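Secondary and tertiary structure notes
Below are the chains, spelled out letter by letter.
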Amino acid sequence: MEIDEQNAPALEAATTFAELGLAPPILRALEEMGYSIPTPIQKQAIPLVVMGRDLMAQAQTGTGKTAAFSLPLLQKMLPHANTSASPARHPVRALVLAPTRELALQVHESVLAYSRHLPLRSTVVFGGVDMRPQEAALKAGVEILVATPGRLLDHAGSRSVQLSQVQFLVLDEADRMLDMGFLPDLKRILDLLPSQRQTLLFSATFDDSIVGLARSFLRNPLKVEVARKNTAAESVEQVVHKVREDDKLEALVRVVKTRDIAQALVFTRTKLAADRLGRRLQRRGVQAAIIHGDKAQVERLSALEGFKQGKVQLLVATDIAARGIDIVELPCVFNYELPYSPEDYVHRIGRTGRAGASGLAVSLVAPEEDRLLAGIERFIKRDLKAVPLPESAPRPRTRADAPGHPGSLAAPRSLTRRRQEPVCALLLPPLRDDAPGHPDPGKDA
Ligand SMILES: Nc1ncnc2c1ncn2[C@@H]1O[C@H](COP(=O)(O)OP(=O)(O)OP(=O)(O)O)[C@@H](O)[C@H]1O
Ligand SMILES: [Mg+2]
């Protein structure tokens, strides 16, 4: 752990969640979820948050940052837990902001799971779906609110939510929330919050350029860093193949086949490129789905759900799916096109190799992308030496060619066992195009 100029007490000795001082109902929920030992960021952040400190916390992708902020937040909420039906007894006390709708939903699912034995209320609000069920949930009163910024401002504007009693603010993917796309909305939200509050910033990446800005939102913060800066988990194997732009589709198919990749998330830079690649794969008979910010929210969610449940082999995505999304045991990520920002590379490849599992990240790099690759290498402080594409030697027809084999890239099959993710009830109402149209900067973030 690296702690800024201010040294926090040595708290790393704790090896169990109980030793971190969490209350029995939280411990019970963790046990039921199969969390036996805290991850390094959890060991370090939980006691500091319980002590009331502001934090700027950085830890690799897939290492449990969500629980690192949610668990101590629940612990601090305990004195306010009550079963009263009166909305006045359930003001919003904790606000968690996330850059995309899918991530807000996922973080809320985690909060729900961790708080399942506590009389604390929570909900999630994000754009692209009907506001009315969200309004009803807010008006009934919740202690914990997870939100994307645009939709939160819509609710604040229509007075369906009051933020004057917020004591905790969490920015998940904080460096993204502080960049130019989100900053104006974030500032408007901060104006609605009390200045006396605890603020927590979490991300796998913090570029030096935003540290100063981040500090201006924090009071006497501690900086917690687990492992080397700006890295995905060590469990992600990173491979680079140099491929001409026109040969990328064949290269993608070849790598999937020769490495027997059951499922992969395939990133492009633009929505247009995602659509084009997705369609080309579908025409070849591959079970491919597409997710990007111009898709209706219902389509975005069903693409992600289908992928999580193993019904889709390749999910072609823009960077909308790069941050925070947790797909249990996803074996592989492709950079079909390298991202413009090196941070996005770290987040993209961090969709695999999570929670200690191993993962493979394959980047298909055209000559015109060499400069992007060099920028990524500088950012992650590591050389990514290109290796030749795997040989696709003709082989005798085997069971592996049968439709549905992981490497077959052909017919339907339920690919791997996946945890069934609950779908949030708030998503079920039909979409309305006339919903108040606050631009959601997370739309394609
Ligand atoms: N202590 C734990 N024991 C076992 N599994 C855990 C533990 N903490 C978290 N997990 C699991 O690890 C996975 C990754 O957690 P999480 O999504 O919080 O990672 P993250 O650090 O926020 O990653 P990212 O930077 O990509 O957002 C989740 O499936 C989560 O349920
Ligand atoms: Mg996260």
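All figures in this text were calculated on a predicted structure; none of them were measured in a lab.

Read across the open sheet, the six strands follow the order S9-S14-S13-S10-S12-S11; overall the sheet is parallel. Here the strands that pair on one side only, and so sit at the sheet edges, are strand S9 (236-242) and strand S11 (288-291). Averaged over all pairs of adjacent strands, the angle between their axes in this sheet comes to 20°, without regard to strand direction. Sitting on the sheet, helix H11 (residues 271-283) touches strand S10 (264-267), S11 and strand S12 (314-317), and the angle it makes with S11 is about 170°. Contacts from helix H13 (residues 342-349) reach S9, S10, strand S13 (332-335) and strand S14 (359-365), with the element oriented near 155° to S13.

All right, on to the pairing of strand S3 (residues 94-97) then. Burial along S3 is two-sided: the face carrying Ala94 and Val96 and the face carrying Leu95 and Leu97 are both buried. Judged from the four bridges that link them, S3 and strand S6 (residues 168-172) form a sheet pairing that is parallel. Its bridge partner being in S6, Ala94 is matched across the sheet by Phe168.

The subject of this paragraph is the site of ligand 1. As a matter of local geometry, ligand 1 sits amid 19 residues, with Thr61, Gly64, Lys65, Thr66 and Ala355 nearest to it. The dominant element in the shell around ligand 1, judged by the number of residues it contributes, is helix H3 (residues 65-77), at three residues. Both domains that furnish three or more residues to the shell around ligand 1 are identified here as domain 1 (2-225) and domain 2 (236-380).

Bringing helix H6 (residues 149-157) into the picture now. For H6, the complete set of buried residues consists of Pro149, Gly150, Arg151, Leu152, Asp154 and His155. The elements touched by buried residues of H6 are S3, strand S4 (122-125), helix H5 (131-140), strand S5 (144-147) and helix H8 (183-192). Backbone geometry just downstream of H6 places Arg159 in the positive-phi region, at approximately 60°.

Conventions used here
Residues numbered from 1 in each chain as written. Chains lettered and ligands numbered in written order. Predicted model: local features only at pLDDT ≥ 70, side-chain atom pairs only at ≥ 80, totals over all residues. Pairing = 2+ DSSP bridges. Helix = DSSP H or I, 4+ residues; strand = E, 2+ residues; numbered from the N terminus. Axes fitted to C-alpha atoms, helices over the stretch in contact; angles between N-to-C directions. Contact = placed C-beta atoms within 7 Å. Buried ≥ 20, exposed ≤ 12 C-beta atoms within 10 Å, placed from the backbone. Near = placed C-beta within 6 Å. Domains from an automatic or database assignment.

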